[in-house]
Amino acid sequence: MECKICFEPFDSKYFIPKMLPKCGHSFCRICLERLMNKKSNVNCPVCREMTINYKDNTLPTNYSLLEIMDKSSSN
């Protein structure tokens, strides 16, 4: 339940889990911004699948992951 790049736990404010649409892997918004570095293409750090023509603000938030984290923290 953490970003595979920076190892920070995902949250809904700063380390928002953004999902790469091609492979479905999630990374925090901050790390994806760094990876993209003003490019619209990014290789997934886990599987190397290329995601083309996306910018950070258009990548989908992984709300399912946030919901799972919220349920596990309330238990």
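So, here is what we can say about the structure in this document. Just so it is clear, the model here is predicted, and its values are computed rather than measured.

### What to know about the nonpolar core
Phase 1 of the analysis: By size, the foremost hydrophobic cluster in this structure holds 13 residues, and its most contacted members are Cys3, Phe10, Leu20, Phe27, Cys28, Leu32 and Leu59.
Phase 2 of the analysis: For this core, the elements supplying multiple residues, two or more each, are β2 (26-28), α1 (29-36) and α2 (63-74).
Phase 3 of the analysis: Counting residues per element, this core draws most heavily on α1, at three residues.

### Concerning the side chain of Ser26
Phase 1 of the analysis: Tracing the chain through its elements places Ser26 in strand β2.
Phase 2 of the analysis: When sequence neighbours within four positions are dropped, the list of residues in contact with Ser26 reads Phe10, Pro17, Lys18, Met19, Asn62 and Leu65.

### Points about the pattern of salt bridges
Phase 1 of the analysis: Inspection of every chain in the model, using the stated rule, returns two salt bridges.
Phase 2 of the analysis: Glu33 is paired through a salt bridge with Arg29; the nearest N and O atoms lie 3.0 Å apart. Of this pair, Glu33 and Arg29 both sit in helix α1, four residues apart, which is roughly one turn of the helix.
Phase 3 of the analysis: Assessed through its relative accessible area of 22%, Arg29 is described here as partly exposed.
Phase 4 of the analysis: Between Lys71 and Glu67 there is a salt bridge whose closest N-O contact spans 3.3 Å.

So, how was this worked out
- Residues numbered from 1 in each chain as written.
- Predicted model: local features only at pLDDT ≥ 70, side-chain atom pairs only at ≥ 80, totals over all residues.
- Heavy atoms only, no water.
- Core = buried A, V, L, I, M, F, W, Y, C linked by side-chain atoms within 4.5 Å.
- Buried < 20%, exposed > 50% of the residue type's maximum accessible area, 1.4 Å probe, protein only.
- Helix = DSSP H or I, 4+ residues; strand = E, 2+ residues; numbered from the N terminus.
- Contact = heavy atoms within 4.5 Å.
- Salt bridge = Lys/Arg side-chain N within 4 Å of Asp/Glu carboxyl O.

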